[in-house]
Amino acid sequence: MNEITWRSPSNIAIVKYWGKHGEQLPANPSISLTLSEAYTETSIAYQEGSGHIEFFFEGVKNDAFAARVTSFVSRLEQEMPSLAGLDFRIESSNSFPHSAGIASSASAMSALALCLGSVAAQVAGSMHEATDVSRVSHFARLGSGSAARSVAGPLMLWGETPALKGTSDEFAVVVDDVDSVFETYRDSILIVSDEEKQVKSSAGHALMNGHPYAQKRFELAGQRIAAILDILREGDVHAFGKLAEQEAMDLHAMMMTSTPPFLLMRPGTVSIIEALNAYRSDTGHPVYMTLDAGPNVHMLYPNEIAAQVLEWIESDLKKYCTGGKILHDKVGHGPKFITS
Ligand code: DP6
């Protein structure tokens, strides 16, 4: 059997993707920081066969995920016919604990898309599939929307916007006109709860269909994409953080006003946000937060103030984290080809 291994990171959205249509197309453009410490490593061993797929997550056979991968592979076969008829044995593991409450389809599906692109390239004798960022991002998107933004770094934008040339709903692009301060960003993830997500993201996106505030939300996200591109160019860390917090609150507001409504923050989430507001007005430090569709808080800050921020997190915020769990991550440069 031939084997391919890729490591692919998670990412944290600053302008959020929330709502989709058609075949995994976003309702609005989104932008994220590519992370480095939270990643999935996936190996695919393959041989000529009958299209049989076996999937192991951290050494344990997972038939439910194998079924998801089977439909993903059959979708990709339309674009990479050389995948047809191969048998796959896939092994995947995460760098972060399974119970961290940050189960990441972005790292998992981008690692898989990269592996499948490389397999197709090996079989067809060309490296094109595995090396072209927009093509791999497009493949990853078909597995999970946010995965489209994990195939490169340090920042990726997914979704068509008049604010940046070359953007598309089909794939994410690297944003390269960015002040270097954003390449030094840290993301300390405060784990308020490590329970499984209350709302799976596919169900969450569906809540935006017929949502009374959907149109306004999509419009605002589009405007914020234009605004953040200027902010990134100018290196304005406070404007960046304020926009990130508005986006996090909007995402949660959408869920609170869905049918049925969901309250995803926990008391610890609120305590951390209040402590952050007080810390910022005391120190003036550019530390801001964002949230995913869950209760855990991502603290975003430039590396130059890391020593002070880490001390404050340790002394004042750790008590709100389940089992004192905090994952320290930072901006990274995207996937790594491990071996073939
Ligand atoms: C709140 O990419 O997980 O994290 O396309 O259904 O797999 P699917 O959804 P997913 O949604 C991510 C939603 C989010 C915001 C974001 O990452 O932009």
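Residues numbered from 1 in each chain as written. Predicted model: local features only at pLDDT ≥ 70, side-chain atom pairs only at ≥ 80, totals over all residues. Heavy atoms only, no water.

**Details of the packing of helix α8 (residues 267-283) against helix α9 (residues 306-317)**
Part 1: Two numbers describe how α8 lies on α9: the axes approach to 12 Å, and their chain directions differ by 135°. With respect to α9, the element α8 is oriented oblique. Of the two elements, α8 crosses α9, and the hand of that crossing is right-handed. Listed contacts from α9 to Ile 272, Ala 275, Leu 276 and Tyr 279 of α8 are Gln 308, Val 309, Trp 312 and Leu 317. (Axes fitted to C-alpha atoms, helices over the stretch in contact; angles between N-to-C directions. Helix = DSSP H or I, 4+ residues; strand = E, 2+ residues; numbered from the N terminus. Parallel < 35°, antiparallel > 145°, perpendicular 65-115°, else oblique. Left-handed = near helix turned anticlockwise from the far one by under 90°. Contact = heavy atoms within 4.5 Å.)

**Overview of the pattern of salt bridges**
Part 1: Tallied over the entire structure, the rule returns 20 salt bridges.
Part 2: Between Arg 141 and Glu 170 there is a salt bridge, with the nearest N and O atoms lying 3.0 Å from each other. Highlighted residues: Arg 141 in helix α4 (residues 133-143) and Glu 170 in the loop between β8 (155-158) and β9 (172-174), separated in sequence by 29 residues.
Part 3: Judged by relative accessible area, Glu 170 falls into the partly exposed class, the value being 34%. (Salt bridge = Lys/Arg side-chain N within 4 Å of Asp/Glu carboxyl O. Buried < 20%, exposed > 50% of the residue type's maximum accessible area, 1.4 Å probe, protein only.)

**A look at the sheet that holds strand β10 (residues 185-190)**
Part 1: With respect to topology, four strands assemble into an open sheet ordered β11-β12-β10-β13, the strand pairing being antiparallel. Each edge of the open sheet carries a strand with a single partner, namely β11 (288-291) and β13 (326-330). Each neighbouring strand pair of the sheet contributes to a mean axis angle of 25°, computed without reference to strand direction.
Part 2: Where β10 and strand β12 (residues 297-302) come together, six bridges link them in antiparallel fashion. The residue of β12 that forms the bridge with Arg 186 is Tyr 301.
Part 3: Along the sheet, helix α7 (residues 237-256) makes contact with β10, β11 and β12, crossing β11 at roughly 30°.
Part 4: The strands touched by α9 within the sheet are β10, β12 and β13, with β12 carrying the most contacts at an inclination of about 155°. (Pairing = 2+ DSSP bridges.)

**Details of the pairing of strand β7 (residues 86-94)**
Part 1: Bridge count between strand β4 (residues 30-48) and β7: nine bridges; the pairing is antiparallel. Pairing of Gln 47 across the sheet is with Asp 87, part of β7.

**Brief notes about the site of the ligand**
Part 1: Taken together, 16 residues lie around the ligand, and Tyr 17, Lys 20, Ser 144, Gly 145 and Ser 146 are the ones closest in.
Part 2: Contact distances for the ligand include 3.3 Å between an oxygen atom and a side-chain N or O atom of Ser 105.
Part 3: In the model, an oxygen atom of the ligand is placed 3.3 Å from a nitrogen or oxygen of the Asp 292 side chain.
Part 4: With the chains in place, 93% of the 460 Å² that the ligand exposes on its own is no longer accessible.
Part 5: Residue contributions to the shell around the ligand peak at three residues, all from helix α5 (residues 201-206).
Part 6: Residues belonging to the shell around the ligand are distributed by class as follows: four nonpolar, eight polar and four charged. (Near = heavy atom within 4 Å. Polar contact = N/O pair within 3.5 Å; in protein donor to acceptor, adjacent residues only side chain to side chain. Areas by Shrake-Rupley, 256 points an atom, 1.4 Å probe, with all protein chains shown as cover. Nonpolar A, V, L, I, M, F, W, Y, C, P; charged D, E, K, R; others polar.)

**Description of the environment of Lys 325**
Part 1: By the element assignment, Lys 325 lies in the loop between α9 and β13.
Part 2: Here Lys 325 falls in the partly exposed class, since its relative accessible area comes to 22%.
Part 3: Expressed as a C-alpha distance, the spacing of Lys 325 and Asp 194, which sit 131 residues apart in the sequence, is 9.0 Å.
Part 4: Among the polar contacts listed, one links the side chain of Lys 325 to the side chain of Asp 194, at a separation of 2.9 Å.

**Looking at unusual backbone geometry**
It is generally the case that most residues other than glycine have a negative phi and that most peptide bonds are trans.
Part 1: A cis amide bond links Gly 153 with the next residue in sequence, Pro 154, at an omega value of -5°.
Part 2: Tracing the chain through its elements places Pro 154 in the loop between α4 and β8.
Part 3: For the bond from Thr 259 to Pro 260, the omega torsion is -5°, close enough to zero to count as cis.
Part 4: Phi is positive for Gln 24, close to 60°, though the residue is something other than glycine.
Part 5: Along the polypeptide, Gln 24 turns up in the loop between β2 (20-21) and β3 (25-26).
Part 6: Positive phi, normally seen in glycine, also occurs at Glu 58, with a value near 50°.
Part 7: In this fold, Glu 58 is placed in the loop between β5 (53-57) and β6 (60-61).

**Some thoughts on the packing of aromatic side chains**
Part 1: A full pass over the atoms with the stated rule returns seven aromatic pairs.
Part 2: Each ring, one from Phe 182 and one from Phe 240, has its centre 4.7 Å from the other, and the planes form 45°; the classification is tilted. Taken as a pair, Phe 182 in the loop between β9 and β10 and Phe 240 in helix α7 lie far apart in primary sequence, 58 residues in all.
Part 3: Taken together, the ring pairs connect Phe 182, Tyr 185 and Phe 240 into an aromatic cluster.
Part 4: The cationic tip of Arg 7 hangs over the ring face of Tyr 39; the distance from NZ or CZ to the ring centre is 4.4 Å. (Phe/Tyr/Trp six-rings, centres within 6.5 Å; stacked < 30°, edge-to-face > 60°. Lys NZ or Arg CZ within 6 Å of the ring centre and 35° of its normal.)

Coordinates in, geometry out; function isn't part of it.
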